[in-house]
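# Breakdown of the fold
The primary structure of each chain is shown beneath.
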Amino acid sequence: MAWFTLYLLNLLWDMAGTSTQIRSSCSVPPAQQPLVNSIQVLMENSVTDSALPNPSVLIAMNLAGAYNVEAQKLLTYKLMASDTADLTIGQLALTVMALTSSCRDPGDKATILQRQMENWAPSSLNAEASSFYGPSLAILALCQKNPEKTLPIAARFAKTLLANSSPFNLDTGAMVTLALTCVYNKIPIGSEEGYRTLFGQVLKDTVENISMRIKDNGIIGSIYSTGLAMQALSVTPKQPNKEWNCKKTMDAILNEIKQGKFHNPMSIAQILPSLEGKTYLDVPHVSCSPDHEVQPTVPNYPSPVPTAASNITVIYTINNQLRGVELLFNVTIDVSVKSGSVLLVVLEEAQRKNPTFKFETTMTSWGPVVSSINNIAENVNHRTYWQFLSGKTPLNEGVADYIPFNHEHITANFTQY
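This section reports on the structure supplied with the text. The structure displayed is predicted, hence computed values, not measured ones. (Residues numbered from 1 in each chain as written. Predicted model: local features only at pLDDT ≥ 70, side-chain atom pairs only at ≥ 80, totals over all residues. Heavy atoms only, no water.)

This part covers the state of the cysteines. In this structure the tally under the stated criterion is three disulfides. Note that Cys26 is cross-linked by a disulfide to Cys246, the S-S spacing being 1.7 Å. As the torsion about the S-S bond is roughly -75 degrees, the Cys26-Cys246 disulfide counts as left-handed. Here Cys26 is found in the loop between helix H1 (3-17) and helix H2 (33-44), whereas its partner Cys246 is found in helix H12 (residues 246-258), with 220 residues between them in sequence. The exposure classification of Cys26 matches that of Cys246, with both residues buried. Each disulfide pairs two cysteine sulfurs, and for Cys143 the partner residue is Cys182, the sulfurs being separated by 2.1 Å. Disulfide Cys143-Cys182: the torsion about the S-S bond is -95 degrees, which places it as left-handed. On the criterion of sequence distance, the pair formed by Cys143 in helix H7 (residues 133-145) and Cys182 in helix H9 (residues 170-185) is long-range, its members being 39 residues apart. Given a relative accessible area of 1%, Cys182 falls into the buried group. By sequence order of its bonded cysteines, the protein has the disulfide arrangement 1-5, 2-6, 3-4. (Disulfide = S-S within 2.5 Å. Helix = DSSP H or I, 4+ residues; strand = E, 2+ residues; numbered from the N terminus. Buried < 20%, exposed > 50% of the residue type's maximum accessible area, 1.4 Å probe, protein only.)

In structure tokens:
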């Protein structure tokens with residue numbers, strides 16, 4: 001096929017298949033926009049010289065329209081300078097997308113990602129669904145750079161998903177939907193019909209699973225998985241049988257923002273595109289305007305009257321009953337901290353009072369994650385990790401974000417998945 005014909009086809013695919021808008025009936029009411037602006041400002045303020053560069057934050061800034069141009073520049077330069085050897089396949093894919101959204105050429109990063117996906121294979125036939133999250137990101141990033149070369153990689157990936165029988169993971173399902181929607185929309189004219197059938201089947205199965213997680217109040221899964229799920233349901237060419245009430249979901253999320261639930265930069269980065277009527281499929285279409293800052297309108301709340309914080313008591317238990325791990329224990333301690341303290345402060349105080357509660361953390365894009373307690377460390381090969389619970393309910397926030405209440409019983413349980 002002539003080069004010019006290919007050029008025209010690519011132009012048509014780009015115009016028809018990748019630019020998306022969350023349906024207009026599901027937009028943020030103008031009166032609520034300052035609320036959205038406030039969490040964007042909070043997210044942008046997390047970008048500092050000392051902070052780890054988070055590509056998800058840059059993507060969200062560019063899709064929404066950055067307020068802090070200096071933070072935008074800093075994050076872009078740090079990601080351009082990042083060493084691909086230090087990145088997982090998902091982190092590399094996000095970096096490629098982040099640089100693309102900044103109108104920067106990702107250069108050899110995209111080439112390396114292409115090579116990694118050409119050699120990719122699941123760890124086992126029934127690998128955990130979450131292990132497909134990074135490869136889904138990679139297919140989305142590659143589809144946006146070169147859809148024709150991505151087609152056979154995406155087909156092999158889709159067949160692997162069909163053969164996998166591990167329990168459904170909502171975040172992975174949402175990313176699979178975004179990735180395969182990109183590929184589905186860009187199948188070249190004259191390609192095998194089998195591609196459309198294959199991708200259509202995976203998309204239909206996946207969005208049906210996503211729709212089953214829609215709660216009566218509109219939240220999809222948890223409040224922190226709703227952002228990606230909104231993106232997926234708003235662009236999929238295969239609609240689920242259960243109709244999605246996008247406005248109800250939007251209203252529920254805005255209510256959660258009012259309650260202060262979105263303060264982690266990563267959680268904001270994942271919800272912000274949907275609040276601004278965008279999805280990750282819009283990454284190649286970001287218009288990079290000249291450098292100028294826009295001052296956002298944020299809620300004008302009265303300043304709280306300073307009060308002396310009272311102490312609360314948190315009951316904290318560390319538990320390991322897994323066979324095969326040489327040190328078994330179940331130890332509980334009462335910890336007194338200032339009201340409003342995050343769980344990490346509780347852990348630090350418990351460690352100060354009793355060395356048995358010694359712990360270590362690993363920094364992630366979501367903040368610090370507890371990787372070891374009492375010298376028992378998580379192990380990917382053994383599929384073990386430290387799970388935190390309130391009573392018997394798993395926490396859906398990290399230790400640097402969750403705020404315990406008085407007399408709450410928090411358990412760190414060494415768990416196998």
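Let us look at the environment of Val369. Position of Val369 among the secondary structure elements: in strand S4 (residues 367-373). Val369 gets classed as partly exposed once you look at its relative accessible area, which sits at 36%. C-alpha of Val369 to C-alpha of Leu344: the two residues are 25 residues apart in sequence and 9.7 Å apart in space. When near neighbours in sequence (up to four residues on either side) are disregarded, Val369 contacts Glu360, Thr361, Thr362 and Thr364. (Contact = heavy atoms within 4.5 Å.)

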